[in-house]
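Tertiary structure, described
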Amino acid sequence: MRWLGLDRLLFALARRVLGLLVKPSVLPSPLQFEAGGSEPICYVLENNSLSDLLTLDLVCLRHGLPRPGHPLLSLHERRSVIMLRTKRHWYSRRLTRSARLERMTEMVATDSERDARLIPVSIFWGRTPERENPRSVFKLLFEEAWGVGGRLHRLFVIAANGRNALVQFSPAMSLRKPVDEGLDAGRAVRRTHRRLRVHFRQLRVAVIGPDLSHRRTLTSRIVRSLAVRQAVAREARAQDQPRRKVLKKAVAYTAEIAADYSYPTVRVLDRILEWWWNQRYEGIDIHHLDKLKAVVEGNEVIYVPCHRSHIDYLLLSYVLHRAGLVIPHIAAGINLNLPVIGTLLRRGGAFFMRRSFRGNRLYAAVFNEYLSQNMDRGVSLEYFIEGTRSRTGRLLEPKLGMLSMTLRGFLRHRSRPVVFVPIYIGYEHLFEGRAYVGELSGQAKKKESVIDLVRVLATLRGKYGRVSVSIGEPLFLDGLLDERAPGWRERDALVLEKGNPAAGGGGVVARLAEEIHRRINTTAAVNPINLLALALLATPKNAMLERDLAAMLDLYTELLRRAPYSPLVSVADMSGEQIIRYADGMGLLRRQSHKLGDVLSLSEENAILLTYLRNNVLHVVAMPSLIACCFLNNRRLSVRKVVRLVRLVYPFIRSELYLQWEDGQIGEVVRSTIRELVQLGLLSYEHGDNAVRRPVAGSVEAVRLSVLAQGTLQTIERYYMTFALLFKHGSGALTAPELESLCQLMAQRMAMLHGLNAPEFFAKQLFRNFIRVLQQRGVVREEEDGGLAFDDSLKVIEADAKLVLNEQIRHSVLQVTHV
């Protein structure tokens, strides 16, 4: 509808009526344009819509911004707004480019002194999830979508969602820039129009997701693809079955896998989840969301969070939706495709995958094609590269299957850049906590069922604290390929996956997985319960005097602020006393009153639960803890000696905890950490800064240094246990699996003898990882018969371990390794 002939009075009246229905949210907030620009402002709307124009005018009036209805005097235009796509006649259905944009560009092209700032404005109806008021299903049916409705539909949209509208102002574009690039007026108009059109489309994809109106054709596109047709032909020959029968199997696989995304369902789930968070959690803390918003437009976004809980699926979708971003399609295990629950998850964006594709090439081809088709359409994805929930709180060794398929999909289409967004998720209390305790104590993992899930949710009581979602540094796939595999554009995907000698071997996918894990850890959110776990679990009986515990918590907080693991790490803004009161309110502490001061301790179950939460953030204190370990058995060491000891054990710790520093950085990191420990009074310099001494035995500082050391001491004990078993049996006597099993058995024995409430101490995967790194570093080598051979270099490492571990600990280890 053309509005130029509207009388100002009628326009103001229409705006006033609309103002009764529309209460839009505005982004960015606070709303302001970049300073310093003298050029006039001209707004750009995507479509010629009277309701959008009235809404823009309403927002500008309320925020004191230049109005779209005011004249653009410098360019002789009656209005300061461009409708990017408009109709030639009110009865026409054909859209054409804006005549105003053409006139303005021609005037700028003929006069070098003229310019204007074009500010794209996008208006979404029903897309402000931060609203707290309940929404009806009727309103959800009329939210923003890709389909263009008529005037009656738009009237329903405004009536239903006027108070949930979102008006988003984008950064300004210079009208003059294409002209300065040497384009004539006609080409400059086309380029500006194309840039604006692409911007509006990319923003719409980022906010409401890609156009899924042709979802019904997805199955036919998958089964018609070359890869699936070839797999069908192979399967038909191998099984001696008719091609049509195998084709039906491929169609069934697609139905089993594919999401059935429904935006109304998503909005209903959003309301349910809002109730859930308010009932069971104190709130959600979101960190570094700006890093995500900087990359969502124009890129294929792959969310790669750590996996702590089944709630992770719902939590991230809820957070993204509340941030005004489309929720991704989520890879979920087929075990979650339960009756009713599976349907809801599927309509909320989940697609299901089997645990293993081995032996089923047809299923693998269909799944690969499904993933590739979604990437090509710009559908954001989410998957957990750990493969399953961590039962220990540490990041699990990554599974490379989904990353491999993503790499192949990217190399196949390359329609847009692929960016991985690492995400750290941290809880103060897990609702699966008791199940984890049982599994870590030796109980078999139970298969999920609807009845079990309903029973667990129904029996939940009390509050579960706060949840942290922290966005890591995005990782562009093409940038990593340029760095790790030069010439990748001419290389086959399978070659990149299996290994690239020029990149040092190991395969690009494996390197990608490690880098994702490291970036997850660099954005950790250290909550008060993490700090409590670091302090209390470092004591022999998981008990401390209340005043000592408060002081230790203050020390950890100050240390993490003085020597942060990463600039992205956030630390709870609470004092030690506040943390104790907070944990007491959650029922985590056991208090024994005493005239000289209360003693705070943990029950056996809570000790195991807090071990999980300690392991979430163990990496942030790994370096100061390693340095503290050097002084458990030494009163004085030269700084050079400390660097050598840390450098010796660092490759193994790095592999286990996915630490960020390269080997060449360790010297400077150790020296800077020592400086902070000296500032905190835990160490002192001698002879300038060439040597370091620990505090006097029995002093408060000595006790605190000992507590700090416990964070990595058990890890070093496990390493020493492995060395002891190798020496006991001799070079070449044990295979890697045999050594791994023996280590686990010995660790279990040691845990029972010394009362260790830390099930990850005897986790088989940790020993497997350590043995693998020993092989990679050349400390041990595998002979033809599979035996692990070693030479005197292993004895040098063992001798250095004796400098760290005191005699009592070494004797304890040697005692349990005596079979």
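Everything below is about the structure printed above this text.
In this text the structure is predicted, and so the values were computed from the model without any measurement.

Cut-off values and rules
Residues numbered from 1 in each chain as written. Predicted model: local features only at pLDDT ≥ 70, side-chain atom pairs only at ≥ 80, totals over all residues. Heavy atoms only, no water. Helix = DSSP H or I, 4+ residues; strand = E, 2+ residues; numbered from the N terminus. Buried < 20%, exposed > 50% of the residue type's maximum accessible area, 1.4 Å probe, protein only. Phe/Tyr/Trp six-rings, centres within 6.5 Å; stacked < 30°, edge-to-face > 60°. Lys NZ or Arg CZ within 6 Å of the ring centre and 35° of its normal. Patch = residues over 30% accessible without salt bridge, like charges linked within 9 Å, V, L, I, M, F, W, Y side chains within 5 Å. Areas by Shrake-Rupley, 256 points an atom, 1.4 Å probe, with all protein chains shown as cover. Salt bridge = Lys/Arg side-chain N within 4 Å of Asp/Glu carboxyl O. Pairing = 2+ DSSP bridges.

This brings us to the environment of Pro-540. Mapped onto the fold, Pro-540 is located in the loop between α22 (528-536) and β17 (543-545). Taking relative accessible area as the criterion, Pro-540 reaches 84% and is therefore assigned exposed. Sequence separation of Pro-540 and Val-707 is 167 residues, and the distance between their C-alpha atoms is 9.8 Å.

On to the packing of aromatic side chains. Enumeration according to the criterion identifies 17 aromatic pairs in this entry. Taken together, the ring pairs connect Tyr-253, Phe-351, Phe-357, Tyr-363, Phe-367 and Tyr-370 into an aromatic cluster. Above the face of the Tyr-363 ring, Arg-354 is positioned so that its terminal group lies 4.5 Å from the ring centre. In this arrangement the basic side chain of Arg-718 is found over the ring face of Phe-767, its NZ or CZ atom lying 6.0 Å from the centre.

Okay, a nonpolar patch on the surface next. Together, Leu-10, Leu-13 and Val-17 give the surface a local cluster of nonpolar side chains, amounting to about 280 Å² of exposed area. Its location among the elements puts Leu-10 in helix α1 (residues 8-21).

Most of strand β9 (residues 300-305) sits out of view: six of its six residues are buried. Going residue by residue along β9, you find Glu-300, Ile-302 and Val-304 tucked away on one face and Val-301, Tyr-303 and Pro-305 tucked away on the opposite face as well. In this sheet, strand β12 (residues 381-382) lies alongside β9 in parallel orientation, the contact comprising two bridges. Note on β12: the bridge partner recorded for Tyr-303 is Glu-382.

With respect to the helices and strands, the residue Leu-430 is situated in the loop between β13 (418-427) and α17 (433-440). A relative accessible area of 8% places Leu-430 in the buried class. On a C-alpha basis, the gap between Leu-430 and Tyr-612 in space is 9.6 Å, while along the polypeptide they are 182 residues apart.

Function cannot be read off these values alone, since they describe shape.
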